[in-house]
Amino acid sequence: MPDAALRVCLITREHPAFGPTGGIGAHTHHLARALAARGHAVTVLAHGPEGAREAGGVRLVGVGARDTWRAPWPSRWLGMAARTAPFALRAARALRREGPFDVVEVPEYQGWGLAAAALTRGPVVARLHGHTALVRRLNGQPLDADARLCGQLEAATLRRATRVMASSGCLAEEARREFAASLPPDRVTLVPLGIDCHHFQPGAGAPLRARLGASPQAPVLLYVGRLEARKGVWTLLQAFTEVVRHHREALLVLAGGDPPAGKGLPLREALVAEAHQAGVAAHLRLLGHVPPAELPALYAAADLFVAPSTAEPFGLVYLEAMACGRAVIGCLAGGVPEIVVDGATGWLVPPQNAPALAACIHAALADPDGLCAMGQGARRAVEARFSLEALAARTEACYHAALAHHAATTNAGRPS
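This one's a predicted model, so the numbers in the text were calculated from it and none came from an experiment.

*Asks:* So what's going on with the overall build of the protein chain? Which residues, and what values?
*Replies:* For the protein chain, the count of helices and strands is 14 helices and 14 strands. Computed over C-alpha atoms, the radius of gyration of the protein chain comes to 22 Å, within 12% of the 22 Å expected from 2.2 N^0.38 for 416 residues, which places it in the range of a compact globule. Projected onto the principal axes, the alpha-carbon positions of the protein chain cover approximately 75 × 50 × 40 Å. Counting only residues that meet the buried cut, the protein chain has 58% of its 416 residues in that class. Sequence separation of at least 24 residues holds for 70% of the intrachain contacts in the protein chain that already meet a minimum separation of 6. Taken as a whole, the protein chain presents about 17300 Å² of accessible surface, with 55% of it coming from carbon and sulfur.

Following this line, the structure appears as structure tokens:
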């Protein structure tokens, strides 16, 4: 438990209480509850209907659900930045109403928390989730004026931060290359993310397998994540086409929505068309977004979790699957090798290499006992290194370091 309770404010444009969310929203939700469990007073400012509610010891404040401000130019030019601005300003106003706080945590992504960080007199801690230029590059999208403006907002956020947290060494290095002038190495702390091991745990998957149309002996492969090019979904479909040649009843379940507007065209229709052309459409299950409450049952229904992302900054979905007792397959890229231990908790294959991925899947399915044992080892690894309790303790230590640094620099600037 902490030596002293802190008043903490977390800012996020997405939150599971207000609809489908990505990794930033899920992380913020779980971190808030874990910090509250350690005795801190936590407030979350999120993009949602105006008003406040208490849940799990956390004060959740919706700062407004609609972007009423519109840019006087086509949103296709500056769409991301235009959508960010209204939320950032409303979050800053809410911060003034709800504060003061001992520490404010903001994501660097698209400058969501920049306005609030600028108004904060105390320490600001920024957490790296994957900057805009990195995400667009991994999705094969151009770095247009919109993305460059978001990058400037991200750089300004990092310059304002007292401390910066990175979930993986890979992400920290990517950010240093992008924001060299705004991110001195001595301000970056490695803080791996964590998940709720009580929510994500092994369970019975037979009922859901039946609803998916899988026979008891049919291999079920699962992917969870947005349907984006950088997530390796094309490679997965190509590998699965080969897997079906050896496992005639195999199913591939894709759980995840399309990217938000401004991040590229949906891949869903193209994936379905490709599956039909390859003759595996009958083996494909597209579930769309699956609420967090339903994910443990989905992981339990699968035999193997496969997410061949080309450069995942961290990868919460791997931890979720591992916590549910499932071995995983990822790529030798991004932050995934910092989570998955090849040959112990899963397997790592070269990115964008469908034959290697297919061979790895085939070998895993050929050894059911080994697959089960690896899943049990994966569960133990998550409990030991990636629990919410561990995340909250590491985050709390970073907050205290930011407070100490802020106090020291403030006192140094005062006349004696």
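Okay, back to it.
*Asks:* Report on helix α8 (residues 233-246), specifying residues and quantitative values.
*Replies:* The first and last C-alpha atoms of α8 sit 20 Å apart over 14 residues, in line with the 20 Å expected at 1.5 Å per residue. For α8, the complete set of buried residues consists of V233, T235, L236, L237, A239, F240, T241, V243 and V244. Packed against the buried residues of α8 are β9 (220-224), β10 (251-255), α9 (268-278), β12 (304-306) and α12 (354-365).

*Asks:* Break down the nonpolar core for me, with residues and values.
*Replies:* Within the largest apolar cluster, 74 residues are counted, with the highest numbers of intra-cluster contacts made by Y299, L304 and F305. Excluding anything up to four places from it in sequence, L304 contacts V220, L221, L222, A327, V328, I329, W347, I361, A364 and L371. Residues L95, A115, L134 and A155 belong to the second largest nonpolar core, which totals 38 residues.

*Asks:* So what about unusual backbone geometry? Which residues, and what values?
*Replies:* Excluding glycine, most residues fall at negative phi; most peptide bonds, likewise, are trans. With an omega of 10 degrees, the peptide bond running from G99 to P100 counts as cis. Secondary-structure assignment places P100 in the loop between α2 (75-98) and β5 (103-107). The phi torsion at Q110 lies on the positive side, around 55 degrees, for a residue other than glycine. Note that Q110 resides in the loop between β5 and α3 (114-119). Assessed through its relative accessible area of 8%, Q110 is described here as buried. Here Q352, not a glycine, exhibits a phi torsion of approximately 55 degrees, which is positive. Mapping Q352 onto the fold places it in the loop between β14 (346-349) and α12. Given a relative accessible area of 64%, Q352 falls into the exposed group.

*Asks:* Describe the state of the cysteines, and please don't skip the residues or the numbers.
*Replies:* On inspection of all chains with the given rule, the structure shows zero disulfides. The structure places no disulfide on C324, whose sulfur is separated from the nearest cysteine sulfur, that of C197, by 9.4 Å. Left without a disulfide partner, C360 is nearest to the cysteine sulfur of C331, which lies 9.7 Å away. Here C360 falls in the buried class, since its relative accessible area comes to 13%.

*Asks:* Any chance you could break down the packing of aromatic side chains for me, citing the residues and the numbers?
*Replies:* Evaluated as defined, the whole model comprises five aromatic pairs. Plain terms: the ring middles of F314 and F386 are 6.3 Å apart, the flat faces sit at 70 degrees to each other, and that makes the pair edge-to-face. Pair noted here: F314 is in the loop between β12 and α11 (316-323) and F386 is in the loop between α13 (368-385) and α14 (388-412), with a separation of 72 residues, a long-range link. Classification of F386 by relative accessible area gives buried; the value is 2%. In this structure an aromatic cluster arises from ring pairing among F200, Y299, F305 and Y318. The lysine or arginine in question, R7, covers the ring of F101, its NZ or CZ lying 4.9 Å from the ring centre.

The rules we used
Residues numbered from 1 in each chain as written. Predicted model: local features only at pLDDT ≥ 70, side-chain atom pairs only at ≥ 80, totals over all residues. Heavy atoms only, no water. Helix = DSSP H or I, 4+ residues; strand = E, 2+ residues; numbered from the N terminus. Rg over C-alpha atoms; globule rule 2.2 N^0.38 Å. Buried < 20%, exposed > 50% of the residue type's maximum accessible area, 1.4 Å probe, protein only. Contact = heavy atoms within 4.5 Å. Areas by Shrake-Rupley, 256 points an atom, 1.4 Å probe, with all protein chains shown as cover. Expected span 1.5 Å × (residues − 1). Core = buried A, V, L, I, M, F, W, Y, C linked by side-chain atoms within 4.5 Å. Disulfide = S-S within 2.5 Å. Phe/Tyr/Trp six-rings, centres within 6.5 Å; stacked < 30°, edge-to-face > 60°. Lys NZ or Arg CZ within 6 Å of the ring centre and 35° of its normal.

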